[in-house]
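# What the coordinates show
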Amino acid sequence: MIATRYEDLTVNQFQKINTLKGKKDDVFKRAELYSIISGLPLDQVDLLSPKDVYAATNFLSVPIHAMPLKKTYGRFKPILKITDITTAQHKDFNTLLTQVNGDWVKVLPELLAIMNKELTFKGYAYIQDNHFKNVEIFKKAKLRDVVGVVFFYSNYLSSLKKTIKDSLEKSQKEINEVMMMITEDSEFQTFLNNGGGNTQ
């Protein structure tokens, strides 16, 4: 069944769509989008009319909108208080977003696995050992069922993205300062020019 709105997409489909965001919006991109939302291989999409392909993928031309927060998804329940997130989860958040330069869609199933507790015999709990198994479960989840928690935490995600940006800028500034010092160090430059840096 073809998705007709963001809510109908799975997390995995949404991630695949995100990889095409930098491409020119032409018939080639639309064919790929149609293939993703329908599950049809590209050679079958090529048999359809461009009009139908464009009509079916037009909803992807606008940014994803905020979705309601669902209180449960299967055996999972979103963590609704920042104070309930452990230090380990905060660190995982930061690490994930740093690795993708703040592009949360690239790590959406991983973030969802961190943002949710799962039902155990003792109630709901975050079980770190189940993280990778839960990531695979969230890849197959519909956006309407799980992505609301991302918008719920949007301020938190935004603050992390700012932290990442500031950290990258600080690192680049430090690199530039070191390179400037090396450039201005006449003794070191003479050492290099005389072959001091040659390991042959």
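It should be noted that the structure appears before, not after, this text.
A brief report on the enclosed structure follows. (Residues numbered from 1 in each chain as written. Predicted model: local features only at pLDDT ≥ 70, side-chain atom pairs only at ≥ 80, totals over all residues. Heavy atoms only, no water.)

### Some remarks on the overall build of the chain
Helix and strand counts for the chain stand at 11 helices and three strands. Each helix and strand of the chain, ordered N terminal to C terminal, gives the series α-α-α-α-β-α-α-β-β-α-α-α-α-α. Looking at the chain as a whole, 34% of its 200 residues are labelled buried. Within the chain, contacts between residues at least 6 apart in sequence are counted, and of these 66% link residues at least 24 apart. As presented, the chain carries roughly 12800 Å² of accessible surface, and 56% of it is formed by carbon and sulfur atoms. (Helix = DSSP H or I, 4+ residues; strand = E, 2+ residues; numbered from the N terminus. Buried < 20%, exposed > 50% of the residue type's maximum accessible area, 1.4 Å probe, protein only. Contact = heavy atoms within 4.5 Å. Areas by Shrake-Rupley, 256 points an atom, 1.4 Å probe, with all protein chains shown as cover.)

### Here's the deal with the nonpolar core
In this structure, Leu 9, Phe 14, Trp 104, Leu 108, Leu 112 and Leu 143 are the most contacted members of the largest nonpolar core, which totals 40 residues. For this core, the elements supplying multiple residues, two or more each, are α1 (11–18), α2 (27–38), α5 (87–99), α6 (108–115), α7 (131–139), α8 (143–146) and α9 (148–152). No other element matches α6, which puts six residues into this core. If we skip the residues at most four places from it in the chain, Leu 112 touches Val 11, Phe 138, Val 146, Val 149 and Val 150. (Core = buried A, V, L, I, M, F, W, Y, C linked by side-chain atoms within 4.5 Å.)

### Some words on the packing of aromatic side chains
For the structure on display, the rule yields five aromatic pairs. For the ring pair Tyr 6 and Phe 14, a centre distance of 6.1 Å and an interplane angle of 85° mean the geometry is edge-to-face. Taken as a pair, Tyr 6 and Phe 14 share a single burial class, namely buried. Between Tyr 73 and Phe 138, the aromatic rings sit 6.0 Å apart at their centres with planes inclined by 35°, giving tilted as the arrangement. Placement of Tyr 73 in the loop between α4 (50–57) and β1 (76–78) and of Phe 138 in helix α7 is noted, with a sequence separation of 65 residues between them. Look at Tyr 73 and you get partly exposed, because its relative accessible area is 22%. Every member of this aromatic cluster is reached through a ring pair, and the members are Tyr 6, Phe 14, Phe 59 and Trp 104. (Phe/Tyr/Trp six-rings, centres within 6.5 Å; stacked < 30°, edge-to-face > 60°.)

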